[in-house]
Number of protein chains: 2
Amino acid sequence: MIKYPNGKVGKTYKPKTNTSVKNRGMTLEKIVNASNLYYLERDMAIIHKKPTPVQIVSVHYPSRNKAKITEAYYQTPSTTDYNGIYKGHYIDFDVKESRNKTSFPLKNIHAHQIEHLKSVHEHGGLAFLIIHLKTDDTYWLLPYNALAYYVKRAIKGRKSMTHEELKKESLPIREGLRPRLDYLKAIDLWLEKT
Amino acid sequence: MIKYPNGKVGKTYKPKTNTSVKNRGMTLEKIVNASNLYYLERDMAIIHKKPTPVQIVSVHYPSRNKAKITEAYYQTPSTTDYNGIYKGHYIDFDVKESRNKTSFPLKNIHAHQIEHLKSVHEHGGLAFLIIHLKTDDTYWLLPYNALAYYVKRAIKGRKSMTHEELKKESLPIREGLRPRLDYLKAIDLWLEKT
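Reading the values: rules and limits
Residues numbered from 1 in each chain as written. Chains lettered and ligands numbered in written order. Predicted model: local features only at pLDDT ≥ 70, side-chain atom pairs only at ≥ 80, totals over all residues. Heavy atoms only, no water. pLDDT = per-residue confidence, 0-100. Contact = heavy atoms within 4.5 Å. Helix = DSSP H or I, 4+ residues; strand = E, 2+ residues; numbered from the N terminus. Buried < 20%, exposed > 50% of the residue type's maximum accessible area, 1.4 Å probe, protein only. Lys, Arg positive; Asp, Glu negative; His and termini not counted. Salt bridge = Lys/Arg side-chain N within 4 Å of Asp/Glu carboxyl O. Polar contact = N/O pair within 3.5 Å; in protein donor to acceptor, adjacent residues only side chain to side chain. Pairing = 2+ DSSP bridges. Axes fitted to C-alpha atoms, helices over the stretch in contact; angles between N-to-C directions. Expected span 1.5 Å × (residues − 1). Arc of directions from axis to C-beta.

### Some details on the confidence of the model for chain A
Residue and element names in this part refer to chain A.
Part 1: Taken as a whole, chain A shows an average pLDDT of 89; of its residues, 87% reach a score of 70 or greater.
Part 2: Contacts for the low-pLDDT stretch residues 1–8, under 50 throughout, to residues beyond four places or in other chains number 13 contacts.
Part 3: Considering only residues more than four positions removed or in separate chains, one finds that residues 16–24, a stretch of pLDDT under 50, has eight contacts.
Part 4: In the predicted complex, the global pTM is 0.86; the interface-specific ipTM is 0.85.

Right, here's the structure in full:
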């Protein structure tokens, strides 16, 4: 999902550059990226965020070695945002933040993302979501398998998971300092169970 | 690597949009992308090209739902271009074309790509290059392990692999119609050997 301020019609907006890793108010994406860097530097896992896909329409060459893109548009990603390898396992996930007080709306997850996670799961990879519930500031790793049940239920019934359901089905992720979000520990727990 | 026409200083260049899959003159990247789509549609493997990383400096909103990027720059990718899962294995590779008549210059491969492939290999993934030798129009899958030997040799000696060395160390990839480049078959051979 591309996030940009709504309603700023006709305005030109400068995206923020990297903010400090220590910043408490940082987005889930930044926290996960910082954790991935931590894992990479310690050779614990190789997990990267995929770049945002951009359709490039026009490129200008003001000087010989510099290419300036002057017209481009955001594209919808066809997969999830993160993938890589941990303990020989193919890892694939997306991150979701929810401000909802009592439930996690499933419309947060796009159909093509669910399809992709399903496919990864069937091919033997570890497919999941990392979810931040803002209400109580907790983080959860929801395996695809559990998610699939509620996605199916949503066809005829409730279009969300209650927080109780989400917490029951997920592995908790502890927040810390280094890394900020030690989700590999949650994966370890998951691997022990299966 | 971002490819753009050299010398067109001060000119604005419109990148080509998708050309036909049947096009004989298509680049290795397009051939591999078409093969990946073939594999995906038949649920044989989930392998995607990562989007080209772009640093977005300025975005304009001409209307409520449209974001037009008006200033952006190509960034150097920190990993290889392709990854995914096949038969439960984490797959990671880059593609290289060589016009050289007798050898494959190792300067074609960036240091950070070699580091990344090494890391993937050590974590139990399948790390390799797909190489197109234009001289005799042949395609090769070169496993990281073999590449590593020649990268090491290049520190004090020869900075390239001869075509003979490359072919001896690689698995041949057959060109066909569907998919255009059946590199999963080469991976199967590789898995049988190891």
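### Re unusual backbone geometry
Part 1: The peptide bond linking arginine 178 of chain A to proline 179 of chain A adopts the cis configuration, its omega dihedral lying at -5°.
Part 2: Positive phi is not limited to glycine here, since lysine 87 of chain A has a value of about 50°.
Part 3: Examined against the element boundaries, lysine 87 of chain A turns out to sit in the loop between β5 (82–86) and β6 (89–98).
Part 4: Judged by relative accessible area, lysine 87 of chain A falls into the exposed class, the value being 53%.
Part 5: For aspartate 137 of chain B, which is not glycine, the phi dihedral falls at a positive 55°.
Part 6: Its place among the elements puts aspartate 137 of chain B in the loop between β8 (126–133) and β9 (138–143).
Part 7: Residue classification places aspartate 137 of chain B among the partly exposed positions, given a relative accessible area of 38%.

### A closer look at the side chain of lysine 50 of chain A
Part 1: Within the secondary structure, lysine 50 of chain A sits in the loop between β2 (46–49) and β3 (54–63).
Part 2: Comment: no salt bridge for buried lysine 50 of chain A; closest opposite-charge side chain is aspartate 92 of chain A, at 5.0 Å.
Part 3: Among the polar contacts listed, one links the side chain of lysine 50 of chain A to the side chain of threonine 79 of chain A, at a separation of 2.8 Å.
Part 4: Excluding residues that lie within four positions of it along the chain, lysine 50 of chain A makes contacts with Thr79, Thr80, Asp81 and Asn83 of chain A together with Lys50 and Pro51 of chain B.

### Thoughts on the sheet that holds β8 of chain B
Residues and elements named next belong to chain B.
Part 1: Strand order in the open sheet formed by six strands is β2-β5-β6-β8-β9-β11, with mixed pairing between adjacent strands. What marks the edges here is a single partner per strand, and that holds for β2 (46–49) and β11 (171–173). The sheet shows a mean angle of 25° between the axes of neighbouring strands, taken without regard to direction.
Part 2: Two elements, β2 and strand β5 (residues 82–86), share four bridges in a ladder whose sense is antiparallel. Bridging from a neighbouring strand, isoleucine 46 pairs with isoleucine 85 of β5.
Part 3: Of the strands in this sheet, β8 and β9 are in contact with helix α3 (residues 144–156), which crosses β9 at around 85°.

### Some words on the pairing of β5 of chain B
Residues and elements named next belong to chain B.
Part 1: Within β5, five of the five residues are buried, which leaves the element mostly enclosed by the surrounding structure.
Part 2: Of the two faces of β5, the one lined by Tyr82, Gly84 and Tyr86 and the one lined by Asn83 and Ile85 are each fully buried.
Part 3: Across five bridges, β5 lies against strand β6 (residues 89–98) in antiparallel orientation. Looking at the pairing, isoleucine 85 lines up with tyrosine 90 of β6.
Part 4: With antiparallel pairing between neighbouring strands as the criterion, β5 and β6 make up a hairpin whose turn holds two residues, including lysine 87 at a positive phi of roughly 50°.

### A short note on helix α2 (residues 111–122) of chain B
Part 1: Here α2 of chain B is twelve residues long and its end C-alpha atoms lie 17 Å apart, about the 16 Å a rise of 1.5 Å per residue gives.
Part 2: Taken residue by residue, α2 of chain B has Gln113, Ile114, His116, Leu117, Ser119 and Val120 of chain B as its buried positions.
Part 3: For α2 of chain B, the elements touching its buried residues are β2 and β5 of chain A together with β6, β8 and α3 of chain B.
Part 4: Following α2 of chain B by one or two positions, glycine 124 of chain B has its phi on the positive side, about 95°.

### Observations concerning the environment of leucine 191 of chain B
Part 1: Counting through the fold element by element, leucine 191 of chain B comes out in helix α5 (residues 183–193).
Part 2: Excluding anything up to four places from it in sequence, leucine 191 of chain B contacts His89 and Leu126 of chain B.

### Observations concerning the pattern of salt bridges
Residues and elements named next belong to chain B.
Part 1: This model, assessed by the stated rule, comprises 16 salt bridges over all chains.
Part 2: The residue aspartate 182 makes a salt bridge to lysine 185 at a minimum N-O spacing of 3.5 Å.
Part 3: By relative accessible area, lysine 185 is classed as exposed at 57%.

### A few points about helix α3 (residues 144–156) of chain A
Residues and elements named next belong to chain A.
Part 1: Here α3 has its buried residues at Tyr144, Ala146, Leu147, Tyr150 and Ala154. Across the axial projection of α3, the buried residues extend over an arc of 155°, all falling on one side. Residues Asn145, Tyr149, Lys152, Ile155 and Lys156 are exposed on α3 and point more than 90 degrees away from its buried face.
Part 2: Buried residues along α3 sit in contact with α2 (111–122), β8 (126–133), β9 (138–143), β10 (160–162) and α4 (163–169).

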